[in-house]
Amino acid sequence: MKIICIGRNYVEHAKELGNEVPDEPVIFMKPKSALLQSHAPFYYPEFSNELHYECELVLRISKNGKYIQERHASNYYNGITVGIDFTARDIQDELKKKGLPWEKAKAFDNSAAVGKFIDVTPALDRKNINFSLFNNKEMVQKGNSKQMIFSIDSIISHISNYFSLNIGDLIFTGTPAGVGECVVGDQLEAFLEDQSLLSLEIK
Ligand code: ZN
């Protein structure tokens, strides 16, 4: 399986990091070794001094596909949850300055935390999903899928023009504004609507 991530998919987040609003999805990937399930401990990476959380909606691919049309995209995923795209922001800033790839800052072990998946049902309005992240019981990020620059279905379609999607692949759909630093001892909990799906401690 692979983990595909979308960057800068919310206007306010692109601005808070001083980035331009993209005219097509920004894509990067994480390897399978980056996957961290809810309730497993996250160990602060020794190579970073500025670890950030990015809370995102995450989709689980349920059907193999390539060149998927946007109007058919909803047939290709059956699970959704909240996840955290852990980012070593100090490393990423260095790499960005040099124009180098982001993997060291974004794709390290356990950097892709995912919550418990819930089924995508016809009742779920994919253009109006609320999600949020709490750090030590205080809300730090809040988003809604309607604020996405590129919708869930257009992301699936775009990705599949470059990378075949396979059953079990995960897609991180981008983070809203409010990214911030976390430190050892922090308790992170993420919600999709009012359901707590992800909880972990930084060790
Ligand atoms: Zn992200």
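Remember, it's a predicted structure, so these values are computed and weren't measured experimentally.

A separate point is the environment of Ala-34. If you trace the backbone, Ala-34 turns up in the loop between strand E2 (26-30) and strand E3 (35-37). Using a relative accessible area of 0% as the deciding quantity, one classes Ala-34 as buried. In this structure, the C-alpha to C-alpha distance between Ala-34 and Ile-3, residues 31 residues apart in sequence, is 8.4 Å.

With that out of the way, let us pick up the side chain of Glu-54. Secondary-structure assignment places Glu-54 in the loop between strand E4 (51-53) and strand E5 (55-61). Judged by its relative accessible area of 4%, Glu-54 is buried. Only 2.8 Å separates the side chain of Glu-54 from the side chain of Arg-89, close enough to count as a polar contact. Looking at Glu-54, its side chain comes within polar contact range of the side chain of Lys-106, at 3.2 Å.

Ranked by internal contacts, the top residues of the largest apolar core, which has 44 residues, are Ile-80, Phe-86, Ile-156, Ile-171 and Leu-200. Secondary-structure elements contributing two or more residues to this core are strand E1 (3-7), E4, E5, strand E6 (77-85), strand E10 (130-135), helix H4 (152-162), strand E14 (187-192) and strand E15 (195-201). Each residue touching Leu-200, except ones within four places of it in the same chain, is listed here: Leu-36, Ala-40, Phe-42, Phe-86, Ala-113, Asp-186, Gln-187 and Leu-188. Within the second largest apolar cluster, 10 residues are counted, among which are Phe-28, Ala-112, Val-114 and Leu-170.

Let us now look at the environment of Ser-33. Relative to the helices and strands, Ser-33 is located in the loop between E2 and E3. Judged by its relative accessible area of 44%, Ser-33 is partly exposed. Each C-alpha atom of the pair Ser-33 and Glu-94 lies 23 Å from the other, and the pair is 61 residues apart in sequence. Beyond its immediate sequence surroundings of up to four residues, Ser-33 is in contact with Asp-109 and Asn-110.

This next bit is on the coordination of the zinc ion. Looking at the metal site, the zinc ion is ligated by Glu-54 (OE), Glu-56 (OE) and Asp-85 (OD), spaced 2.0 to 2.1 Å from it. Along the chain, the residues donating to the zinc ion fall in the pattern E-x1-E-x28-D. Here the residue Glu-54 occupies a position in the loop between E4 and E5, and Asp-85 occupies one in strand E6, the gap between them amounting to 31 residues. You can call Asp-85 buried: its relative accessible area is 0%.

Rules behind the numbers
- One numbering rule holds for all chains: residues counted from 1, following each sequence as written.
- Whole-chain, interface and lining totals are the exception, using all residues; otherwise, since this is a predicted model, local features are given only for residues with pLDDT of at least 70 and side-chain atom pairs are given and counted only at 80 or more.
- With hydrogens and water set aside, each side-chain value is computed from the structure's full complement of heavy atoms.
- Helix and strand assignments come from DSSP, with helices taken as H or I runs of at least 4 residues and strands as E runs of at least 2, each series counted from the N terminus.
- Whether a residue is buried, partly exposed or exposed follows from its accessible area with a 1.4 Å probe, protein chains only, as a fraction of its type maximum: under 20%, in between, or over 50%, in that order.
- Definition of a polar contact: a pair of N or O atoms within 3.5 Å, with one able to donate and the other able to accept a hydrogen when the atoms are protein atoms, and with sequence-neighbouring residues admitted only if both atoms are side-chain atoms.
- In plain words, nonpolar cores are sets of buried Ala, Val, Leu, Ile, Met, Phe, Trp, Tyr and Cys residues tied together by side-chain atoms within 4.5 Å.
- Pairs of residues are marked as contacts when any of their non-hydrogen atoms sit within 4.5 Å.
- In this listing, donors mean N, O and S atoms no farther than 2.8 Å from the metal, or 3.2 Å for Na, K and Ca; water is missing from the atoms, so a site can look incomplete.

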